[in-house]
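# Descriptive structure summary
Here is what each chain is made of, one letter per residue.
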Amino acid sequence: MKNSEIFTDIFHEIEGELKKRAKITNNIPFFQLIEEAKKTELRNFINRYESDLKTYANLRNVIIHKRTKQVLAEPSDEAVNKIRDIRDTLFNIKSVSSIFKKHVTTLNKDEVFQKALAIMKEMDYSQIPLYDGEKQFVGLLNANSITMWLADNVDLGLVDLSDISIGGIYDQYQANKQNFKFISKEKNIYDVAHEFKRHIDEKIPELDAILITDNGKKSGNLIGIVTAWDLIELDL
């Protein structure tokens, strides 16, 4: 098959899937379809690929003259491969839980500081969720707070960690910081990427991690955690 045939076939697959997700049964302009798809669970996927999709819609119009159906141009191999990648991504958008569901190490706020240090060193963690009891979420203790506490207390010559609680350190350095966000296990990976990007674009205080629960609330069962580094590894 010629590249023009492959390209237009893939484009029509994308168009059909967007119409299906947006529950559109009639023919509407592709740019309008993109706006309708933004109202669905595909919103952040569309935001990620909107510029590419619009470019390929214009290219599709150049390739095929609407009146004569004559092929006026042949897209490059690069264009075909790129639109194929977008098509494959659209048809295989993964939920955040399907990728990041795992056992999450948590600590009780009353546990001693030494335990947090030992876990973070052994597991190479940069943050640990804190709870008061089994279900009451307290916050996300990060390495910055630990570093600040150590610096302050080493200066004072206080290095005995046996009586220092994790909750005490959290209350001193992070009690008023929202360095976390909860998200439902049903959300997709583009929703997660959007949250990190939004914090950067809107200059919201640093988001250390997104916590995944079954219902997207802090009262839900914690089933996973995502950091910005996790998304970098996925090239999102």
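Residues numbered from 1 in each chain as written. Predicted model: local features only at pLDDT ≥ 70, side-chain atom pairs only at ≥ 80, totals over all residues. Heavy atoms only, no water.

Time to look at the sheet that holds strand β1 (residues 107-108). The sheet built from 3 strands is open, its strands ordered β1-β2-β3 with mixed pairing. The sheet is open, and its two edges are formed by β1 and β3 (136-142), each paired on a single side. Across 2 bridges, the pairing between β1 and strand β2 (residues 127-132) is parallel. In the strand pairing of β2, leucine 107 is matched with leucine 130. Sheet contacts for helix α6 (residues 113-123): β1, β2 and β3; angle to β2, the most-contacted strand, approximately 145 degrees. Each of β1, β2 and β3 is contacted by helix α8 (residues 166-173), which is oriented at about 75 degrees to β3, the strand it contacts most. (Pairing = 2+ DSSP bridges. Helix = DSSP H or I, 4+ residues; strand = E, 2+ residues; numbered from the N terminus. Contact = heavy atoms within 4.5 Å. Axes fitted to C-alpha atoms, helices over the stretch in contact; angles between N-to-C directions.)

Between the first and last C-alpha of helix α1 (residues 3-22) there are 28 Å, a value that for 20 residues agrees with the 28 Å anticipated at 1.5 Å per step. Of the surrounding elements, those touching the buried residues of α1 are α2 (30-37), α3 (43-63) and α4 (77-91). Positive backbone phi, at 60 degrees, marks lysine 23, one or two positions downstream of α1. (Expected span 1.5 Å × (residues − 1).)

This structure, assessed with the given rule, holds 14 salt bridges. A salt bridge links arginine 87 to glutamate 13; the shortest N-O distance between them is 3.1 Å. With arginine 87 in helix α4 and glutamate 13 in helix α1, this pair connects stretches of sequence that are 74 residues apart. On the basis of relative accessibility, which here comes to 35%, the residue glutamate 13 falls in the partly exposed class. Linking glutamate 50 and lysine 54 is a salt bridge whose minimum nitrogen-to-oxygen distance equals 2.9 Å. Here lysine 54 and glutamate 50 lie together in helix α3, a separation of 4 residues that amounts to about one turn. Its relative accessible area of 15% is what places glutamate 50 among the buried residues. Several salt bridges converge on common partners, so that one network encompasses Glu35, Lys38, Glu50 and Lys54. (Salt bridge = Lys/Arg side-chain N within 4 Å of Asp/Glu carboxyl O. Buried < 20%, exposed > 50% of the residue type's maximum accessible area, 1.4 Å probe, protein only.)

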